[in-house]
Amino acid sequence: MRSVPPWARVYVVCTALAAAFCAVPVPDTRAPWPAVALFAALCAACELLAASRFAGDGGPEGAGASGEAGASLRWHTPVMLAAAFLLPPPAAALVPLPGALLARVEQRPRWLRRVWRAAQLALSTWAASKVHWSLGGRDAVVTSDFPYALVAAGAAVVAFCLVLTVLDGGILALAERVPVRAAWRGLFLRSLAPVAVHGLAGLMMAVLWRSPYGPAAALLVLLPMYVSWWVFAQYHRERAAHRATIRALVQAVDIKDGYTRGHSERVGQASMMIARELGMDDERAEVLRFAGILHDVGKLGVPTRLLRKDGPLTPEERRVIELHPEYGHEMVRGIGFLGEARSAILHHHERLDGSGYPYGLKGCQIPEFARVVAVADAFDAMTSTRSYRRARPVSVALQELERCAGAQFDPRMVEAFVRALVRQGWHPVVTADETRPGAEPHPPAPRAPTNLAPHRGTVGGPGP
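Quantities reported herein were computed from a predicted structural model and do not represent experimental measurements.

## Notes on the overall build of the chain
- Broken down by element type, the chain carries 23 helices and zero strands.
- For the chain, the residues scored as buried account for 51% of the 464 residues in total.
- Of the contacts made within the chain by residues no fewer than 6 positions apart, 75% connect residues no fewer than 24 positions apart.
- When the accessible surface of the chain is summed, it comes to about 20,800 Å², and 63% of that surface belongs to carbon and sulfur atoms.

## Some points on the confidence of the model for the chain
- In this model, the chain carries a mean pLDDT of 81, and residues with pLDDT of at least 70 account for 83%.
- Confidence scores differ between elements of the chain, with helix 3 (residues 68-71) showing the lowest mean pLDDT of 41 and helix 20 (residues 368-382) the highest of 95.
- Counting interchain partners and residues more than four positions distant, the pLDDT-below-50 stretch residues 55-73 has 47 contacts.
- Counting contacts from residues 432-464, a segment whose pLDDT is below 50, to residues more than four positions away or on other chains yields 59 contacts.

## A look at the environment of Lys 362
- Of note, Lys 362 is situated in the loop between helix 19 (341-347) and helix 20.
- Apart from residues no more than four positions distant in its own chain, Lys 362 is found in contact with Arg 351, Leu 352, Asp 353 and Gly 354.

## Quick look at the packing of helix 14 (residues 263-278) against helix 20
- Interaxial distance between helix 14 and helix 20 falls to 8 Å at its minimum, and their mutual angle equals 130 degrees. When the interaxial angle is binned, helix 14 and helix 20 end up oblique. The two elements helix 14 and helix 20 cross, and the hand of that crossing is right-handed. Touching His 263, Arg 266, Val 267, Ala 270, Ser 271, Ile 274 and Leu 278 of helix 14 are Glu 368, Val 372, Val 373, Val 375, Ala 376, Asp 377, Asp 380 and Ala 381, all from helix 20.
- For the contact of helix 14 with helix 20, the class distribution of residues is nine nonpolar, two polar and four charged.

## Quick notes on the nonpolar core
- Counting 54 residues, the largest nonpolar core has Phe 379, Leu 401 and Phe 417 as its most contacted members.
- The greatest single-element share of this core, amounting to ten residues, is contributed by helix 20.
- What Phe 379 contacts, discounting residues up to four positions off in sequence, is Val 394, Ala 397, Leu 398, Leu 401, Phe 417, Leu 421 and Trp 426.
- Counting 39 residues, the second largest nonpolar core, distinct from the first, contains Ala 35, Phe 85, Leu 86 and Val 195.

## Some remarks on the packing of helix 1 (residues 6-23) against helix 9 (residues 148-175)
- Here helix 1 crosses helix 9 at 160 degrees, and the two axes come no closer than 8 Å. Considering the angle they form, helix 1 stands roughly antiparallel to helix 9. The hand of the helix 1/helix 9 crossing is left-handed. Contacts between helix 1 and helix 9 involve Trp 7, Ala 8, Tyr 11, Val 12 and Thr 15 on the former and, on the latter, Val 166, Leu 167, Gly 170, Ile 171, Leu 174 and Ala 175.
- Taken together, the residues that form the contact of helix 1 with helix 9 break down as nine nonpolar, two polar and no charged.

## Details of the pattern of salt bridges
- What the rule picks out here adds up to 16 salt bridges.
- A salt bridge links Arg 305 to Glu 317; its shortest N-O distance comes to 3.9 Å. Here Glu 317 lies in helix 17 (residues 315-321) and Arg 305 lies in helix 16 (residues 304-307), a separation of twelve residues in the sequence.
- Ionic pairing is found between Asp 410 and Arg 371, a salt bridge with its closest N-O pair at 2.7 Å. Of this pair, Asp 410 sits in the loop between helix 21 (394-404) and helix 22 (411-424) while Arg 371 sits in helix 20, placing them 39 residues apart in sequence.
- Given a relative accessible area of 10%, Asp 410 falls into the buried group.
- Overall, Arg 371 belongs to the buried group, its relative accessible area being 12%.
- Overlapping salt bridges bring together Arg 284, Glu 340, Glu 368 and Arg 412 as one network.

## A short note on the packing of aromatic side chains
- Enumeration over the complete set of coordinates arrives at five aromatic pairs.
- Summarising the aromatic geometry, the rings of Tyr 11 and Trp 116 are spaced 5.7 Å apart at their centres and angled 40 degrees between planes, so their arrangement reads as tilted. Taken together, the residues span a long stretch of sequence, with Tyr 11 in helix 1 and Trp 116 in helix 7 (residues 110-134) at a distance of 105 residues.
- An angle of 85 degrees between the planes, with centres 5.2 Å apart, marks the rings of Phe 379 and Trp 426 as edge-to-face.

## Some points on a nonpolar patch on the surface
- Among the surface-exposed residues, Leu 223, Val 227, Trp 230 and Val 231 lie close enough to one another that they form a single nonpolar patch of about 380 Å² accessible area.
- With respect to the secondary-structure elements, Val 227 resides in helix 13 (residues 222-256).
- Exposure remark for Val 227: the relative accessible area of 45% places this residue in the partly exposed category.

## Considering the environment of Leu 87
- Along the chain, the position of Leu 87 falls in the loop between helix 4 (77-86) and helix 5 (89-94).
- The sequence separation of Leu 87 and Ala 31 amounts to 56 residues, and the corresponding C-alpha distance is 6.8 Å.

## Quick notes on unusual backbone geometry
- Between Tyr 357 and the following residue, Pro 358, the backbone shows a cis peptide bond with an omega angle of 10 degrees.
- The residue Arg 177 is not glycine, and still its phi comes out positive at about 60 degrees.
- Within the secondary structure, Arg 177 sits in the loop between helix 9 and helix 10 (180-183).
- Under the relative-accessibility criterion, Arg 177 is labelled partly exposed at 38%.

Conventions we followed
For every chain, the first residue of the written sequence is number 1, and numbering continues from 1 along that sequence. Local features are withheld for residues below a pLDDT of 70 in this predicted model, meaning they are given only at 70 or higher, and side-chain atom pairs are given and counted only at 80 or more; totals for whole chains, interfaces and linings count all residues. Side-chain descriptors were evaluated using all non-hydrogen atoms of the structure, hydrogens and water having been removed beforehand. Helix and strand labels come from DSSP, where a helix needs a run of H or I of at least four residues and a strand needs a run of E of at least two; each type is numbered from the N terminus. Throughout, exposure labels follow a simple rule: accessible area from a 1.4 Å probe, protein chains only, divided by the maximum for the residue type, with under 20% read as buried, over 50% as exposed, and the rest as partly exposed. Contacts are assigned to residue pairs that have any heavy atoms within 4.5 Å of one another. In these tables, accessible area is a Shrake-Rupley quantity obtained with a 1.4 Å probe, and a residue counts as shielded only by the protein chains included in the view. Values of pLDDT, which run from 0 to 100, indicate the predictor's confidence residue by residue. Axis definition: a line fitted to C-alpha atoms, limited for helices to the stretch in contact. Angles are taken between N-to-C directions and run from 0 to 180 degrees. Working rule for angles: under 35 degrees goes down as roughly parallel, over 145 as roughly antiparallel, 65 to 115 as roughly perpendicular, anything else as oblique. Here is the rule for handedness: rotate from the far helix to the near one, and if that takes an anticlockwise turn smaller than a right angle the crossing is left-handed, while a clockwise turn gives right-handed. Residue polarity follows a fixed list, in which Ala, Val, Leu, Ile, Met, Phe, Trp, Tyr, Cys and Pro are nonpolar, Asp, Glu, Lys and Arg are charged, and the others, Gly among them, are polar. Here, the term nonpolar core denotes a set of buried Ala, Val, Leu, Ile, Met, Phe, Trp, Tyr and Cys residues that are joined through side-chain atoms within 4.5 Å. Any carboxyl oxygen of Asp or Glu within 4 Å of a side-chain nitrogen of Lys or Arg constitutes a salt bridge here. Between the rings of Phe, Tyr and Trp (Trp by its six-membered ring), a pair exists once the centres lie within 6.5 Å; its type follows the angle of the planes, with under 30 degrees stacked, over 60 edge-to-face, and the other angles tilted. Patch criteria: residues need more than 30% relative accessible area and no salt bridge. Like-charged residues are merged within 9 Å; nonpolar side chains of Val, Leu, Ile, Met, Phe, Trp and Tyr are merged within 5 Å.

What follows is the structure, given as structure tokens:
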């Protein structure tokens, strides 16, 4: 939600209105207000403690595409679910509001993100409480009626996850422009396991809360949850270290080959667009983005004079430059978190007809990630000014990709990229002119037209 489209704003406002409507019956609800206040304060304290303790660790708030799915599963989730098990639905919906509205938000627009998250959590908690109370779960908790209390709590957890899934999928489709058929894919199953664990902790809190030991005993349940959150934060610290490693490698390439500075980031961006269009899960899409960013890391092993040469390359010089995929693969082969990205670094210059390098692979012998990066790499190369030619317009570059589909590029990847550009346009985060020192300004390449018809032609391929 960095740049929030109008329909996404409308969606957030509607979600907030729905959350407010769920809390309307509060004046007529006979709720234990001291317990509501205590739950709300406890939830806010957990939120603020997590934000201060793990600030800057690359925690879950930035984990997802919208950032909200991960933020919804912090270690105060058991508090919200315990409130859902003990409080009437309208009162339970109030519990997450103070923490969500006061939470630290890094990305803009901050107010919209706070409202979105508050409304999302309020609706999820309300739905969980509504289902739990409809099944008589509160009486089961008060009387410690097991195993029925587990059945009612399990139904409430499912309701909590369903609401999160529906809302998260909607914001992914509207704010992040994820294809509708892929927006909700896997969201429910990914959230069910952690919420189920939090649900058990919340049930334990609720039972202890109603026991003779009171709320003080219930607070002890949060200790193991804090430990688990700490482990989770450690994982995100490791991911942040991975990103720092990749940034260092890319900066080294950019310094050496200044004329193509920003190229790696743009290839990563285009690769991510294709990944989303193909419906890849978030983990594979992230690795594919790494592949796009690092595809040219092997240029560190190529003499600088060749990378910056203005004139045509001799056959011998071209053979030296064509070694960069193998150099790159050798450099990253020991970086375990790159996974499939290593094969893309090695094979992104292979061609479907077998005339590519370094190994002349054909068709499906070429790894999927390499076929994606090949399209993204060629597109950005054509739409960027290089030492040997000017940038081509986006529409011309797409025509060339489509002309070469089947011989040089995988037609499936080309079609996915065209569909993504039709819907989103090409708005690179980093442009060649912004990053190349001393570059002379030139007219920007036109953006992708709103309707892009296929342009088939003879088989060939763009320049190197």
